[in-house]
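Working through the structure, step by step
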Amino acid sequence: MDSSKSNLYQLDGKVPLPQAIPFGLQHVLAMFVANITPIIILANVVGIGSDVSASLIQNCMIIAGIGTLIQLYPIWRIGSRLPIVMGISFTFLSVAIAIGTTQGMGVLMGAVILGGIIEGLLGLFPNYWTKLIPHIVAATVVTAIGFSLLPIGANSFAGGQGAADFGSVNNWMVGSFTLLVCLVFQIFAKGFFRSLSVLIGLVAGYILAVCMGMVDFSSLQHISIVSLPNFMPFKPDFEVGAFLSVLAIYMVSATETIGDTSALCASALNRSTHKREMGSSVACDGFVSSVAGLFGCTPITSFSQNVGLAAISGVVNRFAIATGACIMIIGGIFPVVGALLTTIPQAVLGGCTIMMFGSIMFAGFRMISRCGFTDRNMIIVALSLSIGLGFTQATGLFSIFPKIVQTVFAENCVAVVFILAVVLNLILPEKDGSENPKKVKANE
């Protein structure tokens, strides 16, 4: 194998720019729509004007690119030095809509800025909290993340939740064709082409969608060539209630980042997560989210779909993924780039992501197996997943609880699974020989 190709599977391998770009683009395409969708929904619900909304979409792309670069190339202790891709989080959407519609975007941005600082500071002191997350807890959370992503992939495959043609024959054809191309290259191709199986499948599916008349190019009309980011489109205002609500969601976001970091190390790097990496990834999550608030965006977090992509392709090279971060920043400065990426049909993205999301779930299973199938581990995993995944699927089950509890837990299985796994790990007694210290030495 060519040395530059083998370097793609090493964190710090030297990869030529022309070879790195397609792998970076592959990561961008895997998360692009999910990155801009939260701010589009928020802008529509709150009633933000189209000009400001377009500016916020650009800001989201730039912030996602900056956050990814900081994860890849840390500033001091902010950033994990791992191939983690950052983007605007869906987790904050419901509370952001509630605050934005009732108290205004200024109050929301104030809460985002303060909450991000708190999460960032938490990440700088991992020694005080990582002991609460041994390997079995991290493995359970990773498995929950994999399960939680499956409906997202299925909805995209069918055309996107709420789409007029949801589940149509065209979407089935395009999604199935995209998935088939990804599988063929993943199974039969070798080296460079195997690692690019997702991008190749996406391009093939996109071409088929164009031929079938499913791609709308109207968004490319009347787009300015260059547009600089709009700093502080909303003047931050601070209100205690809004801050506490957003801070609670930040803790959930930190949980997801911890799970994604653990999943990445287990599936793509074949090792456990170091304590410093876990804290530094959370610090980046928090502090960059504060910067996002200054640009009118909701907080960012690590993107699980990109963890799945790294697991499937094996490409973990920081420089290659950094080219994707630069593409996002360029897309924010040159609106036509972002507009072109938004033309990718949901069915194409769904066909690409189905197996990626499943790979995260598999990584969780593999982490659990490394912990050992003891009775104690069985109780932690089984009870956490059954309650976390089951209760959050039962509409109205949390209706007796205060609004803040419903906001944090009712639709977020990862948060419920995390809390239960941590509590069960603390209260269940450890029997002699019930854990294999060589297998669960997770955070040293």
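Keep in mind it's a predicted model, so treat the numbers as computed, not measured. Here the residue numbering is sequential within each chain, running from 1 through the sequence in written order. Owing to the predicted nature of the model, reporting of local features is limited to residues with pLDDT of at least 70; listing and counting of side-chain atom pairs is limited to 80 or more, with chain, interface and lining totals taken over all residues. Each side-chain value is worked out from all heavy atoms of the structure, with water and hydrogens disregarded.

1. Details of the overall build of the protein
Note the threshold: Elements are defined by DSSP. Helices are runs of H or I of four residues or more, strands are runs of E of two residues or more, and each kind is numbered from the N terminus. We compute the radius of gyration over the C-alpha atoms and compare it with the globule rule, which gives 2.2 Å times the number of residues raised to the power 0.38. In this scheme, a residue with accessible area under 20% of its type's maximum is buried, one over 50% is exposed, and one in between is partly exposed, where area comes from a 1.4 Å probe on protein chains only. Residues are treated as being in contact if the distance between any of their heavy atoms lies within 4.5 Å. Note on areas: Shrake-Rupley with a 1.4 Å probe; residue coverage comes only from the protein chains shown.
Of regular secondary structure, the protein possesses 18 helices and 2 strands. Expected size for 444 residues packed as a compact globule is a radius of gyration near 22 Å; at 21 Å, the protein falls within 12% of this value. With the C-alpha coordinates of the protein rotated into their principal frame, the extents come out at 70 × 55 × 45 Å. Here the protein holds 444 residues, and the buried ones make up 56% of them. In the protein, once contacts between residues fewer than 6 apart in sequence are set aside, the share between residues at least 24 apart is 84%. Of the roughly 18,400 Å² of accessible surface on the protein, 68% is carried by carbon and sulfur atoms.

2. Remarks on unusual backbone geometry
At Arg81, a position not held by glycine, the phi torsion is positive, near 65 degrees. By the secondary structure assignment, Arg81 is in the loop between helix H3 (50-72) and strand E1 (86-88). Given a relative accessible area of 33%, Arg81 falls into the partly exposed group. For Met232, which is not glycine, the phi torsion reads 50 degrees and is therefore positive. Assignment of secondary structure puts Met232 in the loop between helix H9 (197-211) and helix H10 (240-267).

3. A word on the packing of aromatic side chains
The following threshold applies: In this analysis, rings of Phe, Tyr and Trp, with Trp reduced to its six-membered ring, are considered paired at centre separations within 6.5 Å, and the interplanar angle assigns stacked below 30 degrees, edge-to-face beyond 60, and tilted for intermediate values. Placement of a charge over a ring requires the Lys NZ or Arg CZ to be within 6 Å of the ring centre, with the centre-to-atom vector within 35 degrees of the ring normal.
Overall, the coordinates contain 6 aromatic pairs when judged by the stated rule. Geometrically, the ring pair formed by Phe231 and Phe295 is edge-to-face, given 5.3 Å between the ring centres and 80 degrees between the ring planes. Taken together, the residues Phe231 in the loop between H9 and H10 and Phe295 in the loop between helix H11 (275-294) and strand E2 (300-302) connect sequence positions 64 residues apart. The class for Phe231 is partly exposed, based on a relative accessible area of 47%. Residue placement shows Arg77 over the ring face of Trp76; its charged tip is 4.9 Å from the ring centre.

4. Some thoughts on the nonpolar core
Note the following rule: Residues belong to a common nonpolar core when they are buried Ala, Val, Leu, Ile, Met, Phe, Trp, Tyr or Cys residues joined through side-chain atoms within 4.5 Å.
Residues Leu42, Leu108 and Ile133 are the most contacted members of the largest nonpolar core, which totals 82 residues. Ranked by size, the runner-up nonpolar core spans 41 residues in total, among them Val33, Ala64, Leu309 and Ile312.

5. A few points about the environment of Ile200
One can find Ile200 in helix H9. Judged by its relative accessible area of 22%, Ile200 is partly exposed. Not counting residues within four places of it along the chain, the set of residues in contact with Ile200 comprises Val181, Phe185 and Phe193.

6. Structural notes on the environment of Ile152
Within the secondary structure layout, Ile152 lies in helix H6 (residues 135-157). Separated by 198 residues in sequence, Ile152 and Gly350 have C-alpha atoms that sit 8.1 Å apart.

7. Points about a nonpolar patch on the surface
Stated precisely, the cut-off is as follows: Like-charged residues are merged into a patch within 9 Å and nonpolar side chains (Val, Leu, Ile, Met, Phe, Trp, Tyr) within 5 Å, provided each residue has over 30% relative accessible area and no salt bridge. Salt bridges, as used here, are contacts in which a Lys or Arg side-chain nitrogen is within 4 Å of a carboxyl oxygen on Asp or Glu.
Taken together, the side chains of Leu114, Ile117, Ile118, Leu121, Leu122, Phe238 and Met251 define a hydrophobic patch exposed on the protein surface, amounting to about 550 Å² of accessible area. Here the element with the most residues in the nonpolar patch is helix H5 (residues 105-123); it accounts for 5 residues. Structurally, Ile118 is set in helix H5.

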